[in-house]
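Below, each chain spelled out in residue letters.
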Amino acid sequence: MRSPVAGIVALIAVLVIVVVGYSSLFTVAQTEQALVVRFGKPVDVVTQPGLNFKAPFIDNVISIDKRILDLENPSQEVIAFDQKRLVVDAFARYKIKNALQFYQSVGSIQTANVQLGTLLNAALRRVLGEVTFTQVVRDEREGLMRKIRDQLDKEADAYGIQVVDVRIRRADLPEANSQAVYKRMMTERQREAEEFRALGGQKAQEIRSKADREATVIVAEANSQAEQTRGAGDAERNRLFAEAYGKDRDFFAFYRSMTAYENGLKSGDTRFLLRPDSEFFRYFANPSGKSGAETPSTAASSSTAAAAVPAPKP
C-alpha cells in the first residue's frame, strides 16, 4: 500500500516536469521573428514560425515584428537648389531583416523610428537640395524618391533594417509663398480676361458699325426704288386722268365734283363759308351741273372750277 508521502512526491515531480517543459518551449507567430537571449547575450535567432525549444529559466525570448512597418515623418522645410523653400511631407516603409543586428543597434521599434526619421530628414535635404523646385514638384519626382530611398536604405543597413519605399506625399511652397503665387496668378488671369473683353468689344463695335452702314445703304436704295416706283405710278395716274378727261369732259367734271363733296362733306363737320350759287354747289341745283341761263363763259368757268378740284387718290 502506497504511503501519502510517495503520492505527494510524485505530484510534485509531475508539476516540476510540467513547469520545466513549459518554460523550455516558445512559439513564433507568422508575423514575428524571435531572438533568444541568455543573461543579456543573444544566443539564437528564429525566423521561421512554429514551436521551438530554449533553455528553461535562463533563456529569454524577444519577439521582433517582421512585417513591413510605417515611418511617418512630420512636415519640414527644405531649401531647393534654386533657393526656393519647400514644405515636404514624406513617409517611409521598412522591415527588419536582421533581428540580431537590430536588437544590438537600436533595441526597439520606437527607437528605430526616431533614428530612421533623422536619417530620412537628412536624405531629403541632401537630395532635394541638389534640384530645383520644378524638378521636385513635376519633372523628376519619381526619380528623386528612389534616390532618397536608396540613400536611406544604405544608412539603415547598419541597424539591420531594409527600407522598402520612400514617398513624398506633398511638396509645396510655404503658405505665405503660396498665397503670393496664387495672387500673382489671379492678377495675370484677370489681365488676360480684360484683354479678351477689350478685343471682343472692339470686334463687336466693328461688326455693329458694318451692320449700321449696310442698313443705311439698304434703306437708301429701298427709298430710291420706292420714289422711282411712286413717281412712275403718279405719272401713270396723271396719264389715265388726262386720257379720261379727254374722252368725256362732262363725266370727268362730275366725278371730280363728287370726289370733292366726299372729301369736303365728312361727318362731324359740314360747315362751309360759301355762297349757295357758287360753282362748288352747282350739282346741288342741277344734276347736269348746268344752270338754265348758263352762258358759254359760265360753262368755261364751270369746267375750270371742276378741273381745279384735286384728283382722288387711287
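The structure we're discussing is the one just above.
Residues numbered from 1 in each chain as written. Predicted model: local features only at pLDDT ≥ 70, side-chain atom pairs only at ≥ 80, totals over all residues. Heavy atoms only, no water.

1. Quick word on the overall build of the protein
Phase 1 of the analysis: Per the secondary structure count, the protein includes nine helices and nine strands.
Phase 2 of the analysis: Per-residue burial over the protein gives 25% buried out of 314 residues.
Phase 3 of the analysis: Long-range pairs, those at least 24 residues apart, make up 63% of the contacts in the protein with a sequence separation of at least 6.
Phase 4 of the analysis: Accessible area for the protein stands at about 21400 Å²; split by element, carbon and sulfur atoms hold 58% of it. (Helix = DSSP H or I, 4+ residues; strand = E, 2+ residues; numbered from the N terminus. Buried < 20%, exposed > 50% of the residue type's maximum accessible area, 1.4 Å probe, protein only. Contact = heavy atoms within 4.5 Å. Areas by Shrake-Rupley, 256 points an atom, 1.4 Å probe, with all protein chains shown as cover.)

2. Topic: the side chain of Q33
Phase 1 of the analysis: Relative to the helices and strands, Q33 is located in strand 2 (residues 32-38).
Phase 2 of the analysis: Take Q33: its relative accessible area is 4%, and that puts it in the buried class.
Phase 3 of the analysis: In this structure, Q33 is in contact with V28, V46, T47, I62, S63, I64, D65, K66, I96 and A99, ignoring residues within four places of it in sequence.

3. Some thoughts on the pairing of strand 6 (residues 69-72)
Phase 1 of the analysis: Of the two faces of strand 6, the one lined by L69 and L71 is fully buried and the one lined by D70 and E72 carries no buried residue.
Phase 2 of the analysis: Alignment of strand 6 against strand 8 (residues 85-96), held across four bridges, turns out to be antiparallel. When the bridges of strand 8 are listed, L71 appears paired with A92. (Pairing = 2+ DSSP bridges.)

4. Observations concerning the nonpolar core
Phase 1 of the analysis: Grouped together as the largest cluster of nonpolar side chains are 37 residues, with contacts concentrated most on L116, L120, L128, I148, L152 and I161.
Phase 2 of the analysis: Contact partners of I148, with chain neighbours within four places excluded, come to L120, A123, L124, V127, V166 and I168.
Phase 3 of the analysis: Within the second largest apolar cluster, five residues are counted, among which are F26, V28, A34 and V46. (Core = buried A, V, L, I, M, F, W, Y, C linked by side-chain atoms within 4.5 Å.)

5. Examining helix 5 (residues 141-156)
Since one α-helical turn is 3.6 residues long, residues separated by three or four positions face the same way.
Phase 1 of the analysis: For helix 5, with 16 residues, the first-to-last C-alpha span of 22 Å sits near the 22 Å given by 1.5 Å per residue.
Phase 2 of the analysis: Against strand 8, helix 3 (109-128), helix 4 (133-139) and strand 9 (161-172) lie the buried residues of helix 5. (Expected span 1.5 Å × (residues − 1).)

6. Re the pattern of salt bridges
Phase 1 of the analysis: With the rule as written, the count across this model stands at 18 salt bridges.
Phase 2 of the analysis: Across the salt bridge formed by E188 and R191, the nearest N and O atoms sit 2.3 Å from each other. Taken together, the positions of E188 and R191, both in helix 6 (residues 175-247) and three residues apart, correspond to about one turn of that helix.
Phase 3 of the analysis: On the basis of relative accessibility, which here comes to 31%, the residue E188 falls in the partly exposed class.
Phase 4 of the analysis: Between E243 and R239 there is a salt bridge, with the nearest N and O atoms lying 3.2 Å from each other. Placement of the pair is E243 and R239 together in helix 6, with a separation of four residues, close to one helical turn.
Phase 5 of the analysis: The class of E243 is partly exposed, set by a relative accessible area of 37%. (Salt bridge = Lys/Arg side-chain N within 4 Å of Asp/Glu carboxyl O.)

7. Regarding the pairing of strand 7 (residues 76-79)
Looking along a regular strand, one sees side chains alternate from face to face of the sheet.
Phase 1 of the analysis: On strand 7, burial follows the alternation: Q76 and V78 on one face are buried, whereas E77 and I79 on the facing-out side are not.
Phase 2 of the analysis: Of the strand pairs in this sheet, strand 7 and strand 8 are connected by four bridges, and their pairing is antiparallel. Note on strand 8: the bridge partner recorded for V78 is L86.
Phase 3 of the analysis: Hairpin connection between strand 7 and strand 8: a loop of five residues separates the two successive antiparallel strands, and Q83 in this loop has a positive phi of roughly 65°.

Everything listed here is a matter of geometry and, on its own, says nothing about what the molecule does.
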